[in-house]
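Observations on chain architecture
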Amino acid sequence: MSVSEERAGVELTNLDQPLGPDAGATKRDLVDYLDAVADRLLPGLAGRPLTVLRALRGRAPFMQKNVPKYTPDWVPTVTLWAEASHRDVRYALCEDRRTLLWFANQRAVEYHPTLGTAADVHRPTHLVLDLDPPADDAFSAVVAVAHLVRRALADCGLTGAVKTSGAKGIHVFVPIDDAAPVDDVAAATRALAARTEALDPELATTAYIVADRGGKVFVDSTRAGGATVAVAYSPRLRAGTPVSFPVAWSDLDAVHPSDFTVHTAVAALSGRDPWRTEMPAPQTLPADLIEQGRGIPVARVAAMHEGKRRARARRDAAG
């Protein structure tokens, strides 16, 4: 028999169903976890257009931006123009426990807000570097590169907070004030990635094309503008259902992403909110960092042109 109950006026159904074949968690586990961390997770979602990853039974997981037609009228939404798809998108704003529980009942496992608020989605409130390992078992290398990012930040008078991505890598968040327009924030992000790579080019790379990374940790500088990033404390639809977990810089060498799951993260918090306590106050981006970044091509654009150049070279060689 299907198990159901009600919380905060939200009917929760099919709570005994697994989230996926290797999730190691049921829908109840998801609901219980999100309910337990709601006061920590919601500040990272408030005011930000939200994309979720849903895992419906019998369907492949999918990213959802547009809210479904059956969304309750008490779920706040904002409609924004999507330049890529040339259409209006009606996003949810998840700002209270009731809305979060409604999403949980929709089997929304992952929560990816924009870096800017709905008031100006293209003005990020944080500079973000996403560190990706070359292999699943290379997390120690990602930690080493995270420390390089911290050095690069310190060299230009900045500080940031760090969290596991909940997947294989690490996110470094640098809170910024509103002094710099979005293009300058993107430029500063590229420059910070380049400075990190320069500190140890044998360990870190900014190469966007996977084949060019040479087994190094990828320092991804493309999280700017209207980009989204998994919010702190968000579950991830991976084996064991890990969560994106904030840690102190001093603890980073002693953790692994698999340490924090929907089953273990609440106990690991011990009543704390490390994302709030570890996050510095907003900072002004240095002019020299922005200026350096202006001279660095946007990674995706450079990779696209390089891909076309290599394709032409292959055709010429074969012809």
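Residues numbered from 1 in each chain as written. Predicted model: local features only at pLDDT ≥ 70, side-chain atom pairs only at ≥ 80, totals over all residues. Heavy atoms only, no water.

Within an unreviewed UniProt entry, the label attached to the protein reads ATP-dependent DNA ligase, and the organism entered is Mycolicibacterium grossiae.

Once that is clear, we can look at the packing of aromatic side chains. All chains considered together, the criterion is met by six aromatic pairs. Between Tyr233 and Phe245, the ring centres sit 6.5 Å apart and the planes meet at 85°, which makes this aromatic pair edge-to-face. Of this pair, Tyr233 sits in the loop between β12 (217-220) and β13 (246-247) while Phe245 sits in the loop between β12 and β13, and the two are 12 residues apart along the sequence. When its relative accessible area of 0% is taken as the criterion, Tyr233 is described as buried. When the centroid spacing of 3.9 Å and the interplanar angle of 5° are considered together, the rings of Phe245 and Phe260 count as stacked. Of this pair, Phe245 sits in the loop between β12 and β13 while Phe260 is found in the loop between β13 and α6 (265-269), placing the two residues 15 residues apart along the sequence. Just above the ring of Trp74 sits the side chain of Arg98; from NZ or CZ to the centre is 3.8 Å. Lying over the aromatic face of Phe218, Arg213 brings its terminal NZ or CZ to 3.7 Å of the ring centre. (Phe/Tyr/Trp six-rings, centres within 6.5 Å; stacked < 30°, edge-to-face > 60°. Helix = DSSP H or I, 4+ residues; strand = E, 2+ residues; numbered from the N terminus. Buried < 20%, exposed > 50% of the residue type's maximum accessible area, 1.4 Å probe, protein only. Lys NZ or Arg CZ within 6 Å of the ring centre and 35° of its normal.)

Right, let's get into the pattern of salt bridges. What the rule picks out here adds up to 13 salt bridges. Linking Arg7 and Asp35 is a salt bridge whose minimum nitrogen-to-oxygen distance equals 3.0 Å. In this pair, Arg7 is assigned in strand β1 (residues 5-7) and Asp35 in helix α1 (residues 27-36), connecting sequence segments 28 residues apart. Just as Arg7 is buried, Asp35 falls in that class too. The salt bridge involving Arg97 is made with Asp35; its shortest N-O contact spans 2.6 Å. Of this pair, Arg97 sits in helix α3 (residues 97-105) while Asp35 sits in helix α1, and the two are 62 residues apart along the sequence. Ionic contacts of the salt-bridge type, sharing partners, join the residues Glu5, Arg7, Arg28, Asp32, Asp35 and Arg97 into one network. (Salt bridge = Lys/Arg side-chain N within 4 Å of Asp/Glu carboxyl O.)

Under the UniProt annotation, "domain: DNA ligase D polymerase" (unreviewed entry) lies at residues 26-275. Across residues 26-275 one finds 26% helix and 20% strand; the C-alpha atoms that close the span lie 26 Å apart. (UniProt positions renumbered as here; feature names shortened; annotations may be inferred.)

For the rest of this paragraph, the subject is the side chain of Arg236. With respect to the secondary-structure elements, Arg236 resides in the loop between β12 and β13. What makes Arg236 buried here is its relative accessible area of 10%. Reaching out from Arg236, the side chain makes a polar contact with the side chain of Glu110 at a distance of 3.1 Å. Look past the residues within four positions of Arg236 in its chain and what remains in contact with it is Val109, Glu110, His112, Ser165, Gly166, Ala167, Ala230, Thr241 and Pro242. (Polar contact = N/O pair within 3.5 Å; in protein donor to acceptor, adjacent residues only side chain to side chain. Contact = heavy atoms within 4.5 Å.)

In this fold, Arg272 is placed in the loop between α6 and α7 (274-278). It is 9.0 Å that separates the C-alpha atoms of Arg272 and Arg40, two residues lying 232 residues apart in sequence.

Here we come to unusual backbone geometry. For Ala8, which is not glycine, the phi torsion reads 50° and is therefore positive. Tracing the backbone shows Ala8 in the loop between β1 and β2 (10-12). We classify Ala8 as partly exposed; its relative accessible area is 36%. Phi at Asn14 takes a positive value of approximately 50°, unusual for a residue other than glycine. Locating Asn14 in the fold gives a position in the loop between β2 and α1.

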